[in-house]
Amino acid sequence: MITGEIKSQVDKVWNAFWTGGISNPLEVIEQITYLLFLKRLDENQTRAENKANRTGRPVENPVFPAGMDEKGRSYQDFRWSKFKNFSRDEMYIVFAEHIFPFLRTGLVQLANGDESSYAQHMKDARFTIPNAGLLEKVVDIIDEIPMDERDTKGDLYEYMLGKIASAGTNGQFRTPRHIIDLMVKMTAPQPVEAICDPAAGTAGFLVQAGEYLRQNNPNLLTNAEQSRFFHHSQFHGYDFDSTMLRIGSMNMLLHGVENPDITYRDSLADLHGTEEEQYDVILANPPFAGSLDYENVAKDLLSLVKTKKTELLFLALFIRLLKPGGRAAVIVPDGVMFGSSTAHKALRKILVEDHKLDGVVKLPSGVFKPYAGVSTAILFFTKTNSGGTDNVWFYDVSSDGFSLDDKRTPLAVSDLDDVLSRWQLRTTTEGDRARTDRSFLVPKAEIAENGYDLSLNRYKEVEHEEVEFKTPTDILADLDVLEIEIARGLSALKGLLK
């Protein structure tokens, strides 16, 4: 957990950008990402050099090689420990004319001797810091922030990502971290499972899945094979926004995942032959961006359900990508639960009849404020290809621990711990709960009778409290008494004025 002092330092960085002329939060985080990346490259090379000095062997895969770039500048000047001591004007020239061309072209061949995920995303890196003064200021502030510990680096980046207030355009908005945490705990990823978010954004789900695995498997990284799988093969994220790919990759890197598969992909347009049935766990909050034209949708998704609705297409995609036995936790807009179109009904029927729909968690409509007031639910299902739905578990969340207005003020009460504890009992004692309770089970047959409607209100029973009111006669008698008291008071007042 980062301290108030570090948060204050981060706020200084943010304010420096704002006062320096960059007000787009995504652009700010992108430029900070480049600086953090350069700082890390220098730290890695320093460690490699120290190791070389101890062993007497050459430095392995130096990112900053000996010699000059094509414009005659030493590669060593590209290192954080070197350029931070340059004058502001010289530092700016090195960034604009040497470092960024190096990031775009030279790094792919040099970084660790292969094409790492991060180097790939630097291919179209843009340097937009407008002047030397702002660059010097930001480098100085970042240099003073202690980032030796993995937890600190990850939390610090998450704190920065929390400032992306404009990410609510085109149906994209940042998923609250406590909601992600709940979804990860409920799906409980295991050390040997491949985890995917096909609409990864800042990679929040993958980051939290990695943290969950570390916390619940203390020996996770002591086995060489397991460690290799964790760093190179366990986490997969797709997005078609190159800025988000860079940010997501950096988020994973700062949370200690060395080379995740964060890849450019239009998840709904590209065919999925190579990814089909590849993943054990899918965690996602896909954008609800309306409709697409049929010609822009992958044919293998349309073969499952013919629709233009992105939220339905994403659900079809998740079914495609999961291995048999794989689990998904997905945030969907409420309309998916009760939509009356042929596609809505068909997809809900597929989830219930062809696979195993495990649960529906209804979220309060303010969860995504201030970005959006959309009403949502979380669907939990297991791909089986052979059915298996017996009872579907429902939970009605009334508080996620924050106020449901734009301020999202922390509250003392939250249902989320209760959601997790009841979820773990859904095959035992949860079956005894009444429909008036916060959670309850609904048999598959009843859901089928209701046209596969999955809206919680369809099945929840509301218990009305009986209230007794006075009869009209009694109310009139009370009014008579009041009028007598008023008349008596007026008479007394007049007596005082004589």
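Per-chain numbering applies: the sequence of each chain, read as written, is numbered from 1 onward. Since the coordinates come from a predicted model, pLDDT governs what is reported: local features require at least 70, and pairs of side-chain atoms require 80 or more to be given and counted, while whole-chain, interface and lining totals use all residues. Side-chain measures were taken over the full set of non-hydrogen atoms in the model, leaving aside hydrogen atoms and water.

- Per an unreviewed UniProt entry, the recorded name for the protein is site-specific DNA-methyltransferase (adenine-specific), and the organism is Arthrobacter ramosus.
- In its Sequence similarities (unreviewed entry) section, the UniProt record describing the protein reads: "Belongs to the N(4)/N(6)-methyltransferase family."
- UniProt positions are given in the numbering used here, feature names are shortened, and annotations may be inferred rather than shown by experiment. Entered under Catalytic activity (unreviewed entry) in the UniProt record, the comment concerning the protein runs "a 2'-deoxyadenosine in DNA + S-adenosyl-L-methionine = an N(6)-methyl-2'-deoxyadenosine in DNA + S-adenosyl-L-homocysteine + H(+)".

What about the overall build of the protein?
- Counting from the N terminus, the helices are the DSSP runs of H or I reaching at least four residues and the strands are the DSSP runs of E reaching at least two. Helix and strand content of the protein: 18 helices and nine strands.
- Taking the principal axes of the C-alpha coordinates as reference, the protein spans close to 100 × 80 × 45 Å.
- Expressed as a percentage of the 498 residues in the protein, the buried residues total 50%.
- Long-range pairs, those at least 24 residues apart, make up 71% of the contacts in the protein between residues at least 6 apart in sequence.
- We get accessible surface area from the Shrake-Rupley algorithm with a probe of 1.4 Å; when it comes to residues, only the shown protein chains can shield them. Of the roughly 23400 Å² of accessible surface on the protein, 50% is carried by carbon and sulfur atoms.
- Averaging the positions of the 56 positive and the 73 negative side-chain charges in the protein gives two centres separated by 2 Å. Each residue is assigned to one of three classes by its accessible area relative to the maximum for its type, calculated with a 1.4 Å probe on protein chains only: buried under 20%, partly exposed between the two thresholds, exposed over 50%. Note on definitions: a residue-residue contact is assigned when non-hydrogen atoms from the two residues lie within 4.5 Å. Positive charges are assigned to Lys and Arg, negative charges to Asp and Glu, while His and the chain termini are left out of the count. A charge is said to be at NZ when it belongs to Lys, at CZ for Arg, at CG for Asp and at CD for Glu.

Thoughts on helix 2 (residues 25-55)
- A helix's residues, less one, multiplied by 1.5 Å, set its expected span. Helix length check: helix 2 (31 residues) gives 45 Å between terminal C-alpha atoms against 45 Å at 1.5 Å per residue, within 8%.
- Nitrogen and oxygen atoms within 3.5 Å of one another constitute a polar contact, given that in protein one can donate a hydrogen and the other can accept it, and given that sequence-neighbouring residues count only through two side-chain atoms. The residue sitting at the N-terminus of helix 2 and contributing the capping side-chain oxygen is Asn-24; that oxygen lies 2.9 Å from the backbone nitrogen of Leu-26.
- Within two residues after helix 2, Gly-56 carries a phi angle of roughly 75°, on the positive side.

Some remarks on empty space enclosed by the protein
- Space inside and on the surface of the protein is sampled on a 1 Å grid over the protein atoms alone, with a cavity defined as a set of points where a 1.4 Å probe fits but cannot get out and a pocket as an open set with protein on both sides within 12 Å along at least 5 of 7 lines; lining residues have an atom within 4 Å of a point. Grid points are joined across faces, edges and corners, and a volume is the space filled by probe spheres set on the points. What the rule picks out here adds up to two cavities of 30 Å³ or more.
- Looking at the largest cavity, its volume works out to about 70 Å³.
- In this structure, the largest cavity is lined by Leu-36, Lys-39, Arg-40, Glu-43, Met-147, Lys-153 and Leu-254.
- The element contributing the most residues to the lining of the largest cavity is helix 2, with four residues.
- Each residue is assigned to one class: nonpolar for Ala, Val, Leu, Ile, Met, Phe, Trp, Tyr, Cys and Pro, charged for Asp, Glu, Lys and Arg, and polar for all the others, Gly among them. Of the residues belonging to the lining of the largest cavity, the class tally is three nonpolar, no polar and four charged.
- Here the second largest cavity defines a volume of roughly 30 Å³.
- Around the second largest cavity, the lining residues are Leu-312, Leu-315, Val-336, Met-337, His-344, Leu-347, Arg-348, Leu-351, Leu-379 and Leu-454.

As for the pattern of salt bridges
- Salt bridge criterion: a side-chain nitrogen from Lys or Arg within 4 Å of a carboxyl oxygen from Asp or Glu. Inspection of the entire model under this criterion finds 30 salt bridges.
- In this structure, Glu-30 engages Arg-126 in a salt bridge whose closest nitrogen and oxygen atoms are separated by 3.2 Å. Of the two residues, Glu-30 sits in helix 2 while Arg-126 sits in the loop between helix 5 (117-121) and helix 6 (132-144), which places them 96 residues apart along the sequence.
- Glu-30 gets classed as buried once you look at its relative accessible area, which sits at 2%.
- In this structure Arg-126 comes out as partly exposed when scored by relative accessible area, which is 42%.
- With a closest N to O distance of 2.7 Å, Glu-49 and Arg-79 form a salt bridge. Of the two residues, Glu-49 sits in helix 2 while Arg-79 sits in the loop between helix 2 and helix 3 (80-83), which places them 30 residues apart along the sequence.

Some details on unusual backbone geometry
- Even without glycine at this site, Ala-203 takes up a positive phi of about 65°.
- Inspection of the secondary structure puts Ala-203 in the loop between strand 1 (195-197) and helix 9 (204-216).
- Within the chain, Arg-408 stands out as a residue other than glycine whose phi angle is a positive 50°.
- Locating Arg-408 in the fold gives a position in the loop between strand 8 (391-396) and helix 16 (416-423).

Let's talk about the packing of aromatic side chains
- In summary, the pairing rule links any two rings of Phe, Tyr or Trp, Trp by its six-membered ring, whose centres are within 6.5 Å, and it sorts them by plane angle into stacked for under 30 degrees, edge-to-face for over 60 and tilted for everything else. On inspection of all chains with the given rule, the structure shows 18 aromatic pairs.
- A ring pair is formed by Phe-380 and Trp-423, whose centres lie 4.9 Å apart and whose planes are at 40°; its orientation type is tilted. Here Phe-380 is found in strand 7 (residues 376-382), whereas its partner Trp-423 is found in helix 16, with 43 residues between them in sequence. With respect to burial, Phe-380 and Trp-423 carry one shared label: buried.
- Members of the aromatic cluster, connected to one another through ring pairs, are Tyr-34, Trp-80, Phe-83, Tyr-92, Phe-95, Phe-100 and Phe-127.
- Throughout this description, the term charge over a ring refers to an Arg CZ or Lys NZ atom that lies within 6 Å of the ring centre and within 35 degrees of the ring normal. Just above the ring of Trp-423 sits the side chain of Arg-426; from NZ or CZ to the centre is 3.7 Å.

Side note on the sheet that holds strand 3 (residues 261-264)
- One bridge is not enough; two strands pair if DSSP finds at least two bridges between them. Taken in spatial order, the nine strands of this open sheet run 3-2-1-4-5-7-6-8-9, and their pairing is mixed. Looking at which strands have only one partner, the edges of the open sheet turn out to be strand 3 and strand 9 (439-443). Neighbour-to-neighbour, the strand axes of this sheet turn through a mean angle of 15°, independent of strand direction.
- Where strand 4 (residues 279-284) lies against strand 5 (residues 322-333), five bridges are found, and the strand directions are parallel. Each bridged residue has a counterpart across the sheet, and for Ile-282 the counterpart in strand 5 is Ala-328.
- Across the sheet, helix 16 lies against strand 6 (356-362), strand 7, strand 8 and strand 9, angled at about 165° from strand 8, the strand it touches most. Only the contacting stretch of a helix is used when fitting its axis, a line to C-alpha atoms as for every element, and angles between N-to-C directions run 0 to 180 degrees.

A few points about the nonpolar core
- Put simply, buried Ala, Val, Leu, Ile, Met, Phe, Trp, Tyr and Cys residues joined by side-chain atoms within 4.5 Å make one nonpolar core. Membership of the largest hydrophobic core comes to 52 residues, with the highest contact counts inside it found for Phe-17, Ile-32, Phe-95, Ile-99, Leu-107, Ile-142 and Tyr-157.
- Where this core is concerned, the elements lending two or more residues are helix 1 (4-20), helix 2, helix 3, helix 4 (88-110), helix 6, helix 7 (150-161) and helix 11 (242-254).
- Element by element, the count of residues in this core is highest for helix 2, at nine residues.
- Setting aside residues up to four positions removed in sequence, Leu-107 forms contacts with Phe-37, Leu-41, Val-63, Phe-102, Ala-119 and Met-122.
- Core analysis: the next-biggest nonpolar cluster, separate from the first, contains 47 residues, Ala-328, Met-337, Val-442 and Ile-447 among them.

Observations regarding the confidence of the model for the protein
- The quantity called pLDDT is the predictor's confidence in a given residue, expressed from 0 to 100. Model confidence for the protein is summarised by a mean pLDDT of 87, while 94% of its residues fall at 70 or above.
- Note that pLDDT drops below 50 for residues 166-171; the model gives that stretch 10 contacts with residues more than four away or on any other chain.

Quick notes on the environment of His-232
- Along the chain, His-232 turns up in helix 10 (residues 224-232).
- Owing to a relative accessible area of 44%, His-232 belongs among the partly exposed residues under this scheme.
- Taking the C-alpha atoms as reference points, His-232 and Glu-258, 26 residues apart in sequence, are found 7.0 Å from one another.

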